[in-house]
Amino acid sequence: MKTAEASILILPGFMNSGPEHWQSRWEAKLSTASRVWEPVMADARKNDWVEALVKSVRAAEKPVVLVAHSLGVIATAHAAPLLSEKVRGAFLVAPSNVERDNLTAGIDRAFAPVPRDPLPFPSLLVTSRNDPFCTYEKADEFAASWGSLLVDAGEAGHINADAGFGPWPEGLMRFAGFLSRL
């Protein structure tokens, strides 16, 4: 699959992805990409995020490929059973472990537990060895239960602009490779 053949839906994490974040840069660069806007980014309610994703998938005119980061990854896992066959794949980056005790204020505790059912579409999960929001071991557990291919990004923090991942050309190349196999 090529980017022109897909509706690429960008699912940011909690508090959105700023202009320097790789998701924002990809959205600007990829002509068929658009952002899923959760109702209130600073007050992340599970049902609102899931509903926003389901509506965006339904509204898409082409087959859908999801590009999720952080809490967007977890919203994808929750929404998966409600998504149509229109979703051809999901590129998942730096999941947030919403099961941890020190959950960020403003994130609905209803995101936990994280679903462990296999995703009904191909997926790839990129994770870091030193992500402050999810251990590598927990991300590996998520990937195994979802049937996702796990990619070890090394010590890459939360794989966001603050961790030095603005343009993230390696990620874009990995995404292109993932897309080509769909």
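The coordinates are above.
In what follows, the accompanying structure is described.

Each value, and the rule that gives it
Residues numbered from 1 in each chain as written. Predicted model: local features only at pLDDT ≥ 70, side-chain atom pairs only at ≥ 80, totals over all residues. Heavy atoms only, no water. Salt bridge = Lys/Arg side-chain N within 4 Å of Asp/Glu carboxyl O. Helix = DSSP H or I, 4+ residues; strand = E, 2+ residues; numbered from the N terminus. Buried < 20%, exposed > 50% of the residue type's maximum accessible area, 1.4 Å probe, protein only. Contact = heavy atoms within 4.5 Å. Core = buried A, V, L, I, M, F, W, Y, C linked by side-chain atoms within 4.5 Å. Pairing = 2+ DSSP bridges. Axes fitted to C-alpha atoms, helices over the stretch in contact; angles between N-to-C directions. Right-handed = clockwise from strand over helix to strand, strands pointing away.

### Topic: the pattern of salt bridges
At step 1: Throughout the structure, instances matching the rule amount to ten salt bridges.
At step 2: Of the charged contacts, one joins glutamate 141 and lysine 138 as a salt bridge, the two residues approaching to 3.5 Å between their closest N and O atoms. Of this pair, glutamate 141 and lysine 138 are both found in helix H4 (residues 136-146), three residues apart, which corresponds to roughly one turn of the helix.
At step 3: On the basis of relative accessible area, glutamate 141 is assigned to the partly exposed category, the value being 36%.
At step 4: A single network of salt bridges, built from pairs that share partners, joins Glu99, Arg116, Lys138 and Glu141.

### Points about H4
At step 1: Burial in H4 covers these residues: Tyr136, Lys138, Ala139, Phe142, Ala143, Ser145 and Trp146.
At step 2: Looking at the buried side of H4, the elements it contacts are helix H3 (71-79), strand E4 (87-95), strand E5 (123-127) and strand E6 (149-152).
At step 3: One or two residues past the end of H4 sits glycine 147, with phi positive at roughly 80°.

### Overview of H3
At step 1: For H3, the buried fraction is high: nine of the nine residues fall into the buried class.
At step 2: Turning to H3, its buried residues number three or more, namely Leu71, Gly72, Val73, Ile74, Ala75, Thr76, Ala77, His78 and Ala79.
At step 3: Elements that come into contact with the buried residues of H3 comprise strand E1 (7-11), helix H2 (46-59), strand E3 (64-70), E4, E5 and H4.

### Concerning the nonpolar core
At step 1: By size, the foremost hydrophobic cluster in this structure holds 39 residues, and its most contacted members are Leu66, Leu71, Leu83, Phe111 and Trp146.
At step 2: Looking at this core, the elements with two or more residues in it are E1, H2, E3, H3, E4 and H4.
At step 3: In contact with leucine 71, other than residues within four places in its own chain, are Gly13, Phe14, Ala44, Trp49, Ser96, Val98, Ile107 and Phe111.
At step 4: If you look at the next biggest cluster of nonpolar residues, it comprises 24 residues, including Val67, Phe91, Val151 and Leu172.

### Notes on the sheet that holds E5
At step 1: Spatially, E2-E1-E3-E4-E5-E6 is the arrangement adopted by the six strands of the open sheet, whose pairing is parallel. Each edge of the open sheet is held by one strand with a lone partner, namely strand E2 (33-35) and E6. For this sheet, the mean inter-axis angle between neighbouring strands, taken without regard to orientation, is 20°.
At step 2: Inspection of the sheet shows E1 paired to E3 by five bridges, in the parallel sense. Looking at the pairing, leucine 9 lines up with leucine 66 of E3.

### Focus on the pairing of E6
At step 1: As paired elements, E5 and E6 share four bridges and run parallel to each other. Along E6, the bridge assignment pairs leucine 125 with leucine 150.
At step 2: Of the crossover connections in this fold, the one passing from E5 over H4 to the parallel E6 is right-handed.

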